[in-house]
Every structure is written in structure tokens, then in C-alpha cells.
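Survey of secondary and tertiary structure
These are the residues of each chain, in order.
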Amino acid sequence: MPVFHDLHEAVAARRAAGTVHRFGTERVGAPIARSHQILGVGANYRSPGSNAPVAQEPLVFSTAPNSLSGPYDPVHLPRDSTHTDWEVELGVVIARSHYLADDEEALAAIVGYVLVNVISELTFQKERGGQWLKGKSAPTFNPCGPWLVTPDDLGDTENPRPWLDHNGVRRQDGTTADMLLNAAGIRPSARNACVPLRTALWELRLPAEASGSIGTDKEIVSVS
């Protein structure tokens, strides 16, 4: 049985017990507690007007799990940062290990989807050996949430349209249909190469219209 049914039962039990309330002044954390693994999937989209062939293998890289933060937490820039970039991505939350599983078992391991505002220090990433982990693993570099949407509520993952506003200007407005490989296409390669751990987060990159550097900036990410 898909694991999101367990989540529904837990939420229903809290509602029945009356242990729910509206947010007030509390900090809103990421909707994932103690993620054991964050895997990024890059170069996975077709640019507008491009006839690029579908990738045979996804570009998969790790990010430090302790980079995860709440959706409204401030981003803390690391020392010597000079080009800190941002982009909205679709996060796929895996709730149990499915190493060497078949497609049906792997789908059942997905508990839900989240929005992630992935922050990258491109100087560390591109000019210090070309290692993506260096540029994406600083604390607070993975603002996530606030909501986790279960697969039954989201429905077709080809339809969501994540967008990002930066200082009031729309910078990203893509659709998951632009992905060369969706979650179903990525899973076979990734899950056979490593063990997708319990409470893992996969971040699927989307096209970016423009980029910039973070200072005292304000960003809003959403999906329609």
C-alpha cells in the first residue's frame, strides 16, 4: 500500500483529537523531518524552442541533508560567496528505501511532492573543481515547503507549473512537462546506483529564464 495512506491516517487522527490550529507567530519548518538524503537532478529540461534529444541518463548529485530549511527562513550566505543563485524546483519525497525495486514498488515509496527554492553558490560550484555539492550544501540553501502534497492530491505530475518571483519580477514560470525525464524516468537509474534512503528528497530542476545574486532580496515561489 502506498505510504501516503499512513500520512492521511495520522492527519485524520490529529484532526479527530483536536490537536490542530492555525499558524500564528510560530516558525514554519520544512515539511520533512530529518531528511537522510537529498539528491539533485540537473540538466533535465528542454529549453524553449530546443529540439534537444531526451537524455539517456540523468545527471544526479548529492546535497548535504543539513542544508534543508523552512520556506520562510532567511538564507545565510557562506563566507567568500560572490554569486549566490536561486531557482524553484519540484521535490519528490521518498518515504522508504526501494533499492532495486520495480517501478510499481518505487512509485509506492513516494509520499508526496514539495516546492524547493534551491540556492547555489556558483563560485564554489563552478570555479572550485566543478563539484556541485560544494555550491549547494551550505546551511539554509534548501528552503522547502510549506506544504507536502500527496500523490493522490497532485494527480498528474506533468501538469504542475512552478514559478518564482524575485523582488517582484517573475524569473521562472515553467512546467514539469518541459522535463526531459520525469520522476518515473529518473528513478530506475538513480535507485539502481545507490540506496534511496528513508525520508529522501529528490529535487527535479526546471528551466530558469534568468538568474541573479542574493543580497537582501525577497523571493516568492509557488505552483499553479
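These figures come from a predicted structure and were not determined experimentally. (Residues numbered from 1 in each chain as written. Predicted model: local features only at pLDDT ≥ 70, side-chain atom pairs only at ≥ 80, totals over all residues. Heavy atoms only, no water.)

**Quick look at the overall build of the protein chain**
- Helices and strands together make up the secondary structure of the protein chain, namely six helices and 10 strands.
- Each of the 224 residues in the protein chain was classed as buried or not, and the buried ones make up 42%.
- Sequence-distant contacts in the protein chain: of pairs separated by 6 or more residues, those separated by 24 or more amount to 80%.
- When the accessible surface of the protein chain is summed, it comes to about 11,900 Å², and 52% of that surface belongs to carbon and sulfur atoms. (Helix = DSSP H or I, 4+ residues; strand = E, 2+ residues; numbered from the N terminus. Buried < 20%, exposed > 50% of the residue type's maximum accessible area, 1.4 Å probe, protein only. Contact = heavy atoms within 4.5 Å. Areas by Shrake-Rupley, 256 points an atom, 1.4 Å probe, with all protein chains shown as cover.)

**Concerning the pattern of salt bridges**
- Scanning the entire structure with this criterion turns up four salt bridges.
- Across the pair Asp173 and Arg170 runs a salt bridge whose closest N-O atoms are separated by 3.8 Å.
- Classification of Asp173 as partly exposed rests on a relative accessible area of 28%.
- Assessed through its relative accessible area of 37%, Arg170 is described here as partly exposed.
- The structure contains a network of salt bridges with shared partners spanning Asp165, Arg170 and Asp173. (Salt bridge = Lys/Arg side-chain N within 4 Å of Asp/Glu carboxyl O.)

**Some points on the nonpolar core**
- Counting residues in each nonpolar core, the largest one holds 12 residues, listed as Leu39, Val41, Leu90, Val92, Ile94, Ala109, Ile110, Tyr113, Met179, Ala200, Trp202 and Leu204.
- Taken together, the elements giving at least two residues each to this core come down to strand S1 (37–42), strand S4 (84–94), strand S5 (110–121) and strand S9 (200–205).
- The residues contacting Ala200, other than those within four sequence positions of it, are Ser35, Gln37, Val92, Val93 and Ile94.
- In terms of nonpolar packing, the next biggest core, distinct from the first, is built from 10 residues, Leu68, Val114, Cys144 and Leu201 among them. (Core = buried A, V, L, I, M, F, W, Y, C linked by side-chain atoms within 4.5 Å.)

**Here we look at the pairing of S4**
- Across the 11 residues that make up S4, a large majority, 11, are buried.
- Summarising the sheet, S4 and S5 pair through 11 bridges and their orientation is antiparallel. Bridge assignment links Gly91 to a residue of S5, and that residue is Val114. (Pairing = 2+ DSSP bridges.)

**Side note on a nonpolar patch on the surface**
- The grouping of Phe23, Trp147 and Val149 at the surface amounts to a nonpolar patch, some 350 Å² of accessible area in total.
- Within the secondary structure layout, Val149 lies in the loop between strand S6 (142–143) and helix H5 (151–154). (Patch = residues over 30% accessible without salt bridge, like charges linked within 9 Å, V, L, I, M, F, W, Y side chains within 5 Å.)

**Some points on unusual backbone geometry**
- In this structure, the amide linkage connecting Gly145 to the following residue, Pro146, adopts the cis form with an omega of 10°.
- Looking at the secondary structure, you find Pro146 in the loop between S6 and H5.
- Notably, Thr140 is not glycine yet its phi reads approximately 75°, a positive angle.
- Inspection of the secondary structure assignment puts Thr140 in the loop between helix H4 (132–136) and S6.

That's the geometry; what it means functionally is another story.
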